[in-house]
Amino acid sequence: MSLAFDTGRQAVPDTGGSFQGEYMRALRLIERLHRLLLDVIKDEFDRAGGSELNPVQALLLHNIGDSELTAGELKTHGYYVGSNVSYNLKKLVDMGYIHYKRCENDKRSVRVSLTEKGHDACEVLHKLYERQLASLDSVGEVRKHNLNDLNRSLVRLERFWTDQIRFRL
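Residues numbered from 1 in each chain as written. Predicted model: local features only at pLDDT ≥ 70, side-chain atom pairs only at ≥ 80, totals over all residues. Heavy atoms only, no water.

Q: Would you mind going over the packing of helix H1 (residues 19–47) against helix H2 (residues 55–64) with me for this structure?
A: For any two helices packed against each other, one specifies the inter-axial angle together with the distance between the axes. Two elements in contact, H1 and H2, have axes whose closest approach is 9 Å; the angle formed by their N-to-C orientations is 90°. In terms of orientation, H1 and H2 fall into the roughly perpendicular class. Along its contact with H1, which presents Leu37, Leu38, Ile41, Lys42 and Phe45, the element H2 presents Pro55, Val56, Ala58 and Leu59. When grouped by side-chain class, the residues that make up the contact of H1 with H2 number 8 nonpolar, no polar and 1 charged. (Axes fitted to C-alpha atoms, helices over the stretch in contact; angles between N-to-C directions. Helix = DSSP H or I, 4+ residues; strand = E, 2+ residues; numbered from the N terminus. Parallel < 35°, antiparallel > 145°, perpendicular 65-115°, else oblique. Contact = heavy atoms within 4.5 Å. Nonpolar A, V, L, I, M, F, W, Y, C, P; charged D, E, K, R; others polar.)

Structure follows, in structure tokens:
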């Protein structure tokens, strides 16, 4: 079995092209890419002088952006996947990154939006993404059509997994 290397980290086994093997390889890559994205975000905040934010909290702020949402909406809109969204929102409020206010219709629900400090943290990620976008083609050899194909496949996989849960397939 041959091995393909991803930037010198761990080897990703070449599955020889079997459908099962390629699916398992995709699962490992998705998981690893998410962890790597968190590492890239942490590194970016460290370069900017450190931050009290962890990468998950930074992504959460970025995904809220200019919106005003509830914790439930963050989960249902797919902006945040995790069981500890309430914990992270509370921490972000305590650190001054998020405003929160009780919903007028449902006093149990809280709406959140970013403070100026939260918008500043989003700007760090925005600059990171812009810098990466400037070299993604020339350095990373990732073309627009590659991203189109990837996104199309990921949307299909998301729909498939959602149906697995929804319809208990």
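Q: Any chance you could explain the nonpolar core here in plain terms?
A: Most often, soluble globular proteins have nonpolar side chains that are buried together. If you look at the biggest cluster of nonpolar residues, it comprises 23 residues, and the most contacted ones within it are Leu53, Leu61, Ile64, Leu89, Leu92, Tyr97 and Ile98. Looking at which element gives the most residues to this core, the answer is H2, with 5 residues. Excluding residues within four positions of it along the chain, Ile64 makes contact with Leu69, Leu74, Leu89, Ile98, Val112, Ser113 and Leu114. (Core = buried A, V, L, I, M, F, W, Y, C linked by side-chain atoms within 4.5 Å. Buried < 20%, exposed > 50% of the residue type's maximum accessible area, 1.4 Å probe, protein only.)

Q: Honestly, the sheet that holds strand S3 (residues 69–70) in this entry has me stumped. Any pointers?
A: Think of a sheet as strands paired side by side through backbone hydrogen bonds, with each pair either parallel or antiparallel. In space, the 3 strands of this open sheet follow the order S3-S5-S4, with antiparallel pairing throughout. The open sheet is flanked by S3 and strand S4 (98–102), the only strands paired with a single partner. One ladder, built from 5 bridges, connects S4 with strand S5 (residues 110–114); its direction is antiparallel. The residue of S5 that forms the bridge with Tyr100 is Val112. (Pairing = 2+ DSSP bridges.)

Q: In this structure, what is going on with the packing of H2 against helix H4 (residues 85–94)? I would like to understand it.
A: Packing of H2 against H4 leaves a shortest axis separation of 10 Å and a crossing angle of 85°. Accordingly, the angle class assigned to the pair H2 and H4 is roughly perpendicular. Where H2 abuts H4, its residues Val56, Gln57, Leu60, Leu61 and Ile64 lie against Asn88, Leu89, Lys91 and Leu92.

Q: Would you take a moment to explain the pattern of salt bridges for this structure?
A: Pairs may arise between side chains of opposite charge once their charged atoms sit close together. Counted under the stated rule, the structure contains 12 salt bridges. Put simply, Glu68 and Arg111 hold a salt bridge, and the shortest N to O gap is 3.3 Å. Of the two residues, Glu68 is situated in the loop between H2 and S3 and Arg111 in strand S5; the sequence distance between them amounts to 43 residues. Across the pair Asp137 and Arg143 runs a salt bridge, and its minimum N-O distance is 2.6 Å. Taking relative accessible area as the criterion, Asp137 reaches 41% and is therefore assigned partly exposed. On the basis of relative accessibility, which here comes to 33%, the residue Arg143 falls in the partly exposed class. Residues participating in the shared-partner salt-bridge network are Glu68, Glu73, Lys101 and Arg111. (Salt bridge = Lys/Arg side-chain N within 4 Å of Asp/Glu carboxyl O.)

Q: Just to check I follow, could you spell out the packing of aromatic side chains for this structure?
A: Two aromatic rings are characterised by how far apart their centres lie and by the angle between their planes. Here the structure, examined in full by the defined rule, presents 0 aromatic pairs. Its end group placed over the ring of Tyr97, Lys117 keeps NZ or CZ at 4.6 Å from the ring centre. (Phe/Tyr/Trp six-rings, centres within 6.5 Å; stacked < 30°, edge-to-face > 60°. Lys NZ or Arg CZ within 6 Å of the ring centre and 35° of its normal.)

Q: How should helix H6 (residues 144–166) be read in this particular structure?
A: Because each turn of an α-helix spans 3.6 residues, side chains separated by three or four positions in sequence point in the same direction. The first and last C-alpha atoms of H6 sit 32 Å apart over 23 residues, in line with the 33 Å expected at 1.5 Å per residue. Arg168 lies just past H6 and shows a positive phi near 50°. (Expected span 1.5 Å × (residues − 1).)

Q: Can you walk me through a nonpolar patch on the surface in this structure?
A: A surface patch of nonpolar side chains, amounting to about 660 Å² of accessible area, comprises Tyr23, Met24, Ile30, Leu147, Leu150, Leu154, Phe160 and Trp161. Elements with a minimum of two residues in the nonpolar patch: H1 and H6. Here the nonpolar patch gets 5 residues from one element, more than from any other, and that element is H6. (Patch = residues over 30% accessible without salt bridge, like charges linked within 9 Å, V, L, I, M, F, W, Y side chains within 5 Å. Areas by Shrake-Rupley, 256 points an atom, 1.4 Å probe, with all protein chains shown as cover.)

Q: Just to check I follow, could you spell out the confidence of the model for the protein for this structure?
A: As a note on interpretation, predicted positions should not be read in detail where pLDDT is low. In the predicted model, the protein carries a mean pLDDT of 87, and the fraction of residues at 70 or more is 88%. Counting contacts from residues 1–6, a segment whose pLDDT is below 50, to residues more than four positions away or on other chains yields 13 contacts. (pLDDT = per-residue confidence, 0-100.)

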